[in-house]
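Understanding the architecture of this molecule
Letter by letter, the chains look like this.
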Amino acid sequence: MLLTIFSLFAVVVLIQFFYYIVIFGKFSFAKPQTETPKRIPISIIVCAKNEEENVRNFIPLLIEQNYPQFEIVLINDASSDGTLDLFEEFEKQYPNIKLVNVENNEAFWANKKFALTLGIKAAKYEYLLFTDADCYPTSKDWITKMSSQFTQQKTIVLGYGAYEKIDGSFLNKLLRFETLLSATQMFSWAKMGKPYTGVGRNMAYKREEFFKVNGFIDHMKIRSGDDDLFINQAARKKNTTICYLPDSFTYSKPKTTFSDWFTQKRRHVSTAGHYKFSDRAQLAVFYVTQFLFVVLPIILLLFQFQWIAVLCLIGFRYLFTWFSLGFAAGKLKEKDVMYWFPVVEIILIFVQLNVFISNTYKKPVHWK
């Protein structure tokens, strides 16, 4: 029995090696990205629901972008605070701002995808750049950097949406490690020619890609997924690329309590259940091997079975994992979270298990 467990443990480490070195290495060990500046007109799409404070702080940063021709489409999704008033003020003050005001209706009550659809249709330009109302670009060249990756064939660009650093907060380290790991997976599979997800905090695509798949119609009833479910459906090897130029990042305010972050994760995981089967399978294999890597060696060490070999496999696995994620963290300016590795990884594994169990018994709450 113990020999079987040891053999399984060795297979788990081998699978993890394949993920972290062969697949994730496509991004982790990639050369610095080059850019070819474009001057294509861009429509920035921002959908907000009860985001008065964030809108006041972050929309001016979009207005200050150093780009020759762009508009900002502000979508008010039936807000009950002062979001609409602020949007109207911005529209009066800046000629390149367009306001789309969405009211609730019985068919699409509180559905962000419906609001985004109206904004996408209202956009003046064909190339669309998306971010959230609680996000801001890391530089005035955000549009320049993201649009530089468009080509005639590459009409979907996946960018990095980071979270602000909070000094002295372990939860912040945990949240940002998860974001680093997710981005590494997202970018790596895209470079492998198998894009499967994107984040609405920072992504771009040509409007024709939206209409090719009839927008969000196939998953309109699923409240979340305006970003990842759309990319899972529309993205292909031929039409998708990534952007990890440092000035292309966006940042948003992270959750500051575990309960809020846990609720957010439940939403994300529930949406992933609607991915294509192959994408669900590769994510499941990755997580199961992550979990087994923690559990199996505990059993083996408790019974002192081949403990030297077990410790060697543990050390080998942490070496190549730290190596791969360390390079990815350098590209994404997240090196400090790796100082807490592997503690944050182990905690995240059990948080994900808790999320899966919670979602099995109770449906998560979505858009505000």
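Structure's up top.
Presented here is an overview of the structure given in this document. (Residues numbered from 1 in each chain as written. Predicted model: local features only at pLDDT ≥ 70, side-chain atom pairs only at ≥ 80, totals over all residues. Heavy atoms only, no water.)

A few points about the environment of Asp260
- When you line up the elements, Asp260 lands in helix H10 (residues 258-272).
- Asp260 sits in the partly exposed class, given a relative accessible area of 40%.
- A C-alpha to C-alpha distance of 31 Å links Asp260 and Ser43, two positions 217 residues apart in sequence.
- Engagement of the side chain of Asp260 in a polar contact is seen with the side chain of Thr257, the distance being 3.1 Å. (Helix = DSSP H or I, 4+ residues; strand = E, 2+ residues; numbered from the N terminus. Buried < 20%, exposed > 50% of the residue type's maximum accessible area, 1.4 Å probe, protein only. Polar contact = N/O pair within 3.5 Å; in protein donor to acceptor, adjacent residues only side chain to side chain.)

Quick word on helix H4 (residues 83-93)
- Considered for burial, the residues of H4 that qualify are Thr83, Leu86, Phe87 and Phe90. Summarising the axial view, the buried residues of H4 lie within an arc of 100°, below the 170-degree limit, and thus occupy one face. Exposed and facing more than 90 degrees away from the buried side of H4 are Glu89 and Lys92.
- Those residues of H4 that are buried lie in contact with strand E1 (42-48), helix H3 (52-63), strand E2 (70-77) and strand E3 (97-102). (Arc of directions from axis to C-beta. Contact = heavy atoms within 4.5 Å.)

What to know about the sheet that holds strand E5 (residues 135-137)
- Here we have 3 strands laid out as an open sheet, ordered E5-E10-E7, and mixed in their pairing. Both edges of this open sheet fall to E5 and strand E7 (161-163), since each of them pairs with a single strand only. The average angle at which neighbouring strand axes cross in this sheet is 35°, direction not considered.
- Relative to strand E10 (residues 250-252), E7 runs parallel, the two sharing 3 bridges. Its bridge partner lying in E10, Ala162 is registered against Tyr251. (Pairing = 2+ DSSP bridges. Axes fitted to C-alpha atoms, helices over the stretch in contact; angles between N-to-C directions.)

Overview of empty space enclosed by the protein
- Throughout the structure, instances matching the rule amount to 1 cavity of 30 Å³ or more.
- The wall of the largest cavity is formed by 14 residues, among which Leu116, Phe130, Asp132, Gly200 and Asp226 lie closest to the centre.
- At the level of elements, E1, helix H5 (112-122), strand E4 (127-132) and strand E8 (203-206) are the ones that each hand at least two residues to the lining of the largest cavity.
- Along the lines of polarity and charge, the residues of the lining of the largest cavity split into 8 nonpolar, 2 polar and 4 charged. (1 Å grid on protein atoms, 1.4 Å probe; cavity = no way out; pocket = protein on both sides within 12 Å on 5 of 7 lines; lining within 4 Å. Points joined across faces, edges and corners; volume = space filled by probe spheres on them. Nonpolar A, V, L, I, M, F, W, Y, C, P; charged D, E, K, R; others polar.)

Notes on the state of the cysteines
- Within this structure, the stated rule accounts for 0 disulfides.
- Left unpaired, Cys243 is separated from the closest cysteine sulfur, that of Cys135, by 16 Å.
- The class for Cys243 is buried, based on a relative accessible area of 0%. (Disulfide = S-S within 2.5 Å.)

Here's the deal with the pattern of salt bridges
- By the definition in use, this model includes 13 salt bridges.
- For Lys253, the salt bridge identified is with Glu164, shortest N-O distance 3.7 Å. Here Lys253 is found in the loop between E10 and H10, whereas its partner Glu164 is found in the loop between E7 and helix H7 (170-191), with 89 residues between them in sequence.
- Judged by relative accessible area, which is 42%, Lys253 ranks as partly exposed.
- For Lys265, the salt bridge goes to Glu178, with nearest N and O atoms at 2.7 Å. Remark: Glu178 occurs in helix H7 and Lys265 occurs in helix H10; sequence separation between them is 87 residues.
- On the basis of relative accessibility, which here comes to 4%, the residue Lys265 falls in the buried class.
- On the basis of relative accessible area, Glu178 is assigned to the buried category, the value being 13%.
- Each of Lys165, Arg176, Glu334 and Asp336 takes part in salt bridges that share partners, so that together they form one network. (Salt bridge = Lys/Arg side-chain N within 4 Å of Asp/Glu carboxyl O.)

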